[in-house]
Amino acid sequence: MQDWKTFQEASKQRFLDELLELLRIPSISAKPENKADMVSCAELVKTRLQEAGAAKVEIYPTAGHPVVYGELVTDPSKPTVLVYGHYDVQPVEPLELWHSGPFEPVIKDGKIFARGSADDKGQFYMHVKALETMVKTGSVPLNIKFLIEGEEEVGSENLGIFMESHKDLLKADVVLISDTAMISLDTPSLDTGVRGLSYIEVELTGPDRDLHSGVYGGAVANPITILAQMIASLHDENNHITIPGFYDDVKELSKEERAKINQAPFSEQAYKKEQGVQELWGEKGYTTLERTGIRPTLELNGIWGGYMGEGSKTVLPSKAHAKISCRLVPGQDHHKITDLLIKHLEKITPACVTLKTIIHHGGNPYVTPIDSIEYKAAEKAIEATFGKSPIPVRGGGSIPITTLFESILNCKTIFMGFGLDSDNLHSPNEKYNLENYYKGIETIPYFHKFYAELKK
């Protein structure tokens, strides 16, 4: 649509300036000290939705951080798309590894470096600008609703409650999410699913206080040593997870399905160089693309204990801690996996230490059918702007709320992400390519156009 393209080209600098303003707000949902920033960010999202043409925009408080809701209902008889995104971001530590301030956006080599640039401010904001494009050109083909939350990075604890009490408000035919990645602009792809998540924290306690390591070492168990031994035992020599029952419900893919996954272009050398590693690691018998998409994993997200200040302090520490997350695949239930993980840790904890576990958050895996009208609309939208059909792939990350969309709102989710796996999500120097940002704004209106046509 030439009108869309003309408007977007004339608005590119403003579209960028608005995103940079959003990125300057340190909306870290995990930290209580950023609560005021969360409110400020929600207010800015509300303002931008109103300016883009949403007829109704409201901020709804929750027991945690607020939800921003917006809508433009053109005709109740037409299909309704619910756009989901999140304005909260991950913590920025370790700060010393950032090349520039996490909330001081820097544009370098055609990329925006800032926390939240790709996850998910840059991606959900494409939808706001896509709405504006259609409103300003008088070409909104259906009804569009926005659900932008502030707790995705901490498990969306209150969003399910909000959805249950606002079913009529959120009623839609499909949920559209841009919080995933594509292979590249040269090789566009669409995620057909995301993995689930089970996240816990463990604390091991040995003595009731730190002890002198010379006086007591060798006689009293060191909880850091014990924790290291326990963690090491969670994988065998083939990097297979050893928790009894962990794989019982995994839906194995056929040889044909696995072959299709591995048709996606992949260079092991480029992959290793991109991640800064000498060799790859993973479950024996599976390719890298399979390990990161269709296989469950168990990872240590953090481990600490004892003295970590400057210089030396010879202590035998009282406590050791770790944060453990499991990525889950179709067939697995996050409640069951969390229970299996905790029971296994309890079983292998020796009597010389005591174990405490804390359940943080989780969610089940989700797969969307590729023969649906919704998926075909996304496929046609990609073809319209990229000039080629997207490759269907499985995403390695997790968006726990997707299963609730289906169970509460009774509608499917389409993942149409424009980020890249190399965008340093959750890491220092997170970035988002300007070209991807603008390509998303260009492509999203086509999804609405084709979905409205196919849904007739």
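Here, every reference points to the structure presented above.
Just so it is clear, the model here is predicted, and its values are computed rather than measured.

Just give me the short version of the packing of helix α1 (residues 2-23) against helix α3 (residues 121-136), but keep the residues and values in it.
Two elements in contact, α1 and α3, have axes separated by 10 Å at closest approach and are oriented at 145°. Note on packing geometry: the crossing formed by α1 with α3 is right-handed. Counting all contacts with α1, which are made through Trp4, Phe7, Gln8, Arg14, Phe15, Glu18, Leu19, Leu22 and Leu23, the residues of α3 involved are Lys121, Gly122, Phe124, Tyr125, Lys129, Glu132, Thr133, Met134 and Lys136.

For the sheet that holds strand β16 (residues 391-394), give the residues involved together with the corresponding values.
A sheet is described by the order of its strands in space; here 3 strands give the open sequence β15-β8-β16, paired in mixed fashion. Looking at strand neighbours, the two that pair on one side only are β15 (366-367) and β16, the edges of this open sheet. In this structure, strand β8 (residues 189-194) lies alongside β16, joined through 4 bridges in parallel fashion. Note on β16: the bridge partner recorded for Ser189 is Ile391.

Give a description of the packing of aromatic side chains that names residues and reports values.
All chains considered together, the criterion is met by 12 aromatic pairs. Ring geometry for Phe447 against Tyr451: centres 5.7 Å apart, planes inclined by 10°, an arrangement best described as stacked. Here Tyr451 and Phe447 lie together in helix α14 (residues 434-454), a separation of 4 residues that amounts to about one turn. A single burial state applies to Phe447 and to Tyr451, both of which are buried. Within the aromatic cluster, the residues linked to one another by ring pairs are Trp4, Tyr446 and Phe450. Note that Lys380 overlies the ring of Phe450, its terminal NZ or CZ placed 4.6 Å from the centroid. A cation over a ring is seen here: Lys439 above Phe386, with NZ or CZ 5.1 Å from the ring centre.

I'd love a proper account of the environment of Ala52, names of residues and values included.
By the secondary structure assignment, Ala52 is in helix α2 (residues 35-52). Ala52 sits 14 residues away from Met38 along the chain, and the two C-alpha atoms are 21 Å apart.

Conventions used here
- Sequence positions are assigned chain by chain, starting from 1 and proceeding in written order.
- In keeping with the predicted nature of the model, local features appear solely for residues at pLDDT of at least 70, side-chain atom pairs appear and are counted solely at 80 or more, and the whole-chain, interface and lining totals rest on all residues.
- Based on all heavy atoms of the structure, the side-chain values leave hydrogens and waters out of the count.
- Note on geometry: axes are C-alpha line fits, over the in-contact stretch for helices, and angles between N-to-C directions span 0 to 180 degrees.
- Here a helix means four or more residues in a row that DSSP labels H or I, a strand means two or more in a row labelled E, and each is numbered from the N terminus.
- Left-handed describes a crossing in which the near helix is turned anticlockwise from the far one by less than a right angle; the clockwise case is right-handed.
- Only heavy atoms enter the contact rule, under which two residues are in contact if any of them lie within 4.5 Å.
- Strands were regarded as paired on the criterion that DSSP finds at least two bridges between them.
- Between rings of Phe, Tyr and Trp, where Trp is taken as its six-membered ring, a pair exists when centres lie within 6.5 Å; planes separated by under 30 degrees are stacked, by over 60 edge-to-face, and by other angles tilted.
- Burial classes: relative accessible area under 20% of the type maximum marks a residue as buried, over 50% as exposed, and values in between as partly exposed (1.4 Å probe, protein chains only).
- Whether a charge lies above a ring is judged from NZ of Lys or CZ of Arg, which has to be within 6 Å of the ring centre and within 35 degrees of the ring normal.

Take it as geometry only, folks, not as evidence of what the structure does.
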